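Spelled out from the first residue to the last, the chains are:
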Amino acid sequence: MKSGKIRRIQFDFDSLVEQIVEGRKTASVVRLGEVDISDGDYDDPLVVGEFYDVYDSNLQPRATIRITGMELCRWGNIPERLWRSETNNNAEEFRQDHLYFFDNITPDLEFVAFYFELVKVLN
């Protein structure tokens with residue numbers, strides 16, 4: 001059951017939003033230390049169990065998701081659950097897709113994976 005306020009989240013590319021709307025993408029990542037930070041009007045802190053409206057680059061709500069879990073990950077050991085939920089074919093493809101997102105990449109680089117379920121498609 002929904003708690004009250006629906007939070008907001010925006011992804012870097014509309015193609016990612018489309019994957020969410022299609023029900024294929026069920027995970028994403030955030031830099032370590034940024035899980036609990038609000039990044040503007042359309043990126044609320046991430047909280048397990050909370051609902052989020054997913055916004056596209058035109059600031060239109062496209063879907064509602066619910067965060068179902070988070071885990072601490074390392075660049076040198078990408079969990080299969082994560083790369084599959086990110087619609088990748090393997091861990092190396094995941095790494096290639098996320099090179100732009102992280103700085104100072106080493107095998108020990110830590111980040112947070114968050115998993116979600118599609119609740120509703122909007123518009």
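Structural data are supplied above this passage.
Now for a quick tour of the structure. (Residues numbered from 1 in each chain as written. Predicted model: local features only at pLDDT ≥ 70, side-chain atom pairs only at ≥ 80, totals over all residues. Heavy atoms only, no water.)

1. Examining the pattern of salt bridges
Alright, step 1. Tallied over the full model, the rule gives eight salt bridges.
Alright, step 2. The shortest N-O distance in the salt bridge between arginine 7 and glutamate 50 comes to 3.6 Å. Highlighted residues: arginine 7 in strand β1 (residues 7-10) and glutamate 50 in the loop between β2 (27-31) and β3 (51-55), separated in sequence by 43 residues.
Alright, step 3. A residue is classified by how much of its surface remains accessible, and glutamate 50, at 16% relative accessible area, is buried.
Alright, step 4. Among the ionic pairs, arginine 62 bridges to glutamate 18, the shortest N-O distance being 2.6 Å. Of the two residues, arginine 62 is situated in strand β4 (residues 61-74) and glutamate 18 in helix α1 (residues 14-21); the sequence distance between them amounts to 44 residues. (Salt bridge = Lys/Arg side-chain N within 4 Å of Asp/Glu carboxyl O. Helix = DSSP H or I, 4+ residues; strand = E, 2+ residues; numbered from the N terminus. Buried < 20%, exposed > 50% of the residue type's maximum accessible area, 1.4 Å probe, protein only.)

2. What about the pairing of strand β5 (residues 110-121)?
Alright, step 1. Where β2 meets β5, five bridges bridge the pair, whose relative direction is antiparallel. Residue pairing across strands places valine 29 opposite alanine 113, the latter belonging to β5. (Pairing = 2+ DSSP bridges.)

3. What about the environment of alanine 113?
Alright, step 1. If you trace the backbone, alanine 113 turns up in strand β5.
Alright, step 2. A residue is classified by how much of its surface remains accessible, and alanine 113, at 0% relative accessible area, is buried.
Alright, step 3. Taking the C-alpha atoms as reference points, alanine 113 and proline 61, 52 residues apart in sequence, are found 23 Å from one another.
Alright, step 4. Those residues in contact with alanine 113 that lie beyond four places of it in its chain are Ser28, Val29, Gly69, Met70, Glu71, Cys73 and Leu82. (Contact = heavy atoms within 4.5 Å.)

4. Some details on the nonpolar core
Alright, step 1. Counting residues in each nonpolar core, the largest one holds 17 residues, and the members touching the most others are Ile9, Phe11, Leu46 and Val54.
Alright, step 2. Residue assignment for this core shows that the elements contributing at least two residues are α1, β3, β4 and β5.
Alright, step 3. Counting residues per element, this core draws most heavily on α1, which supplies four residues.
Alright, step 4. For phenylalanine 11, the residues in contact, after removing those within four places along its chain, are Leu16, Val17, Ile20, Lys25, Ser28, Val54, Tyr55, Phe114 and Phe116.
Alright, step 5. Of all hydrophobic cores here, the second largest spans 15 residues; its members include Ile78, Phe101, Phe111 and Tyr115. (Core = buried A, V, L, I, M, F, W, Y, C linked by side-chain atoms within 4.5 Å.)

5. Re unusual backbone geometry
Alright, step 1. You will see that leucine 59, though not glycine, has its phi angle at about 60 degrees, which is positive.
Alright, step 2. Positive phi is not limited to glycine here, since asparagine 104 has a value of about 50 degrees.
Alright, step 3. What makes asparagine 104 exposed here is its relative accessible area of 71%.

6. Here's the deal with helix α3 (residues 91-98)
Alright, step 1. Within the span of α3, buried status applies to Ala91, Phe94, Arg95 and His98. What you see down the axis of α3 is that its buried residues fit within an arc of 100 degrees, all on one side.
Alright, step 2. Each element contacted by the buried residues of α3 is listed here: β2, α2 (80-85) and β5.
Alright, step 3. Between a side-chain oxygen at the N-terminus of α3 and the backbone nitrogen of glutamate 92 the separation is 3.2 Å; the capping residue is asparagine 90. (Arc of directions from axis to C-beta. Polar contact = N/O pair within 3.5 Å; in protein donor to acceptor, adjacent residues only side chain to side chain.)

7. A few points about the environment of arginine 8
Alright, step 1. Here arginine 8 shows up in strand β1.
Alright, step 2. The spacing of arginine 8 and isoleucine 65 is 57 residues in sequence and 9.7 Å in space, taken between C-alpha atoms.
Alright, step 3. Those residues in contact with arginine 8 that lie beyond four places of it in its chain are Asp41, Tyr42, Asp43, Asp44, Tyr52, Asp53 and Tyr55.
Alright, step 4. Only 3.3 Å separates the side chain of arginine 8 from the backbone oxygen of aspartate 41, close enough to count as a polar contact.

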